[in-house]
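Structural overview
These are the residues of each chain, in order.
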Amino acid sequence: MKPLTIQWKFALWSALAIAVVLMVFAGGTLVNLYREQLESIDLEMQAEGEVLRRRPPISPDRPMVSGIDLHPWMAYAIFAPDGTTEFVSRRLDEAAVRAVVPGSDA
């Protein structure tokens, strides 16, 4: 087998260097995109929590949360100061609420 010429060696090393740089760039972009998505979700959840925090208190004559525009993918539960569950959204399983908050009556 003939040894590779200097041009072929240079071409192979250049291709390897470009592949490594491309992989590092792609990995950095993926990590950055992941962090941006998490930050976006955190901000949305914080805004939704503020909406729920400022809601009027739930009373026996008005047991449901009304007039609040929440994202359909958001699942939430509202607890009274004594720890009892006032409201659980349809997307949230009541068994999950009981598992997370042992003293709740969901």
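Residues numbered from 1 in each chain as written. Predicted model: local features only at pLDDT ≥ 70, side-chain atom pairs only at ≥ 80, totals over all residues. Heavy atoms only, no water.

**Re the overall build of the protein chain**
Quick note on the threshold: Secondary structure elements are defined from DSSP: runs of H or I of at least 4 residues count as helices, runs of E of at least 2 residues count as strands, and each element is numbered from the N terminus. Relative accessibility decides the category of a residue: with a 1.4 Å probe and only protein chains considered, values under 20% of the type maximum give buried, values over 50% give exposed, and everything between is partly exposed. Two residues qualify as a contact provided that any one of their heavy atoms is within 4.5 Å of a heavy atom in the partner residue.
Assigned secondary structure in the protein chain consists of two helices and two strands. Along the protein chain, from the amino end to the carboxyl end, the secondary structure elements read α-β-β-α. Here the protein chain holds 106 residues, and 15% of them are scored as buried. Considering only contacts within the protein chain whose residues lie at least 6 apart along the sequence, 18% involve residues at least 24 apart.

**Some words on a nonpolar patch on the surface**
Basically, it comes down to this: Put simply, a patch holds well-exposed residues, over 30% relative accessible area, that have no salt bridge, with like charges counted together within 9 Å and Val, Leu, Ile, Met, Phe, Trp or Tyr side chains within 5 Å. For every accessible area listed, the method is Shrake-Rupley and the probe measures 1.4 Å; residues are considered covered only by the protein chains on display. The term salt bridge refers to a side-chain nitrogen of Lys or Arg lying within 4 Å of a carboxyl oxygen of Asp or Glu.
Residues Trp13, Leu16, Val20 and Val24 make up a contiguous nonpolar surface patch of about 460 Å² in total accessible area. Tracing the sequence through the fold places Trp13 in helix H1 (residues 6-53). Given a relative accessible area of 63%, Trp13 falls into the exposed group.

**Examining the confidence of the model for the protein chain**
Our working definition: For every residue, the predictor assigns a confidence score, pLDDT, that lies between 0 and 100.
Of all residues in the protein chain, 81% attain a pLDDT of 70 or more, and the chain-wide mean is 80. Of all helices and strands in the protein chain, the one with the weakest mean pLDDT is strand E2 (residues 85-88) (74), whereas H1 scores best (93).

**Observations concerning the environment of Leu92**
Relative to the helices and strands, Leu92 is located in the loop between E2 and helix H2 (94-100). Sequence separation of Leu92 and Ala75 is 17 residues, and the distance between their C-alpha atoms is 5.2 Å. The contacts of Leu92, once residues within four sequence positions are left out, are Ala75, Tyr76, Ala77 and Val97.

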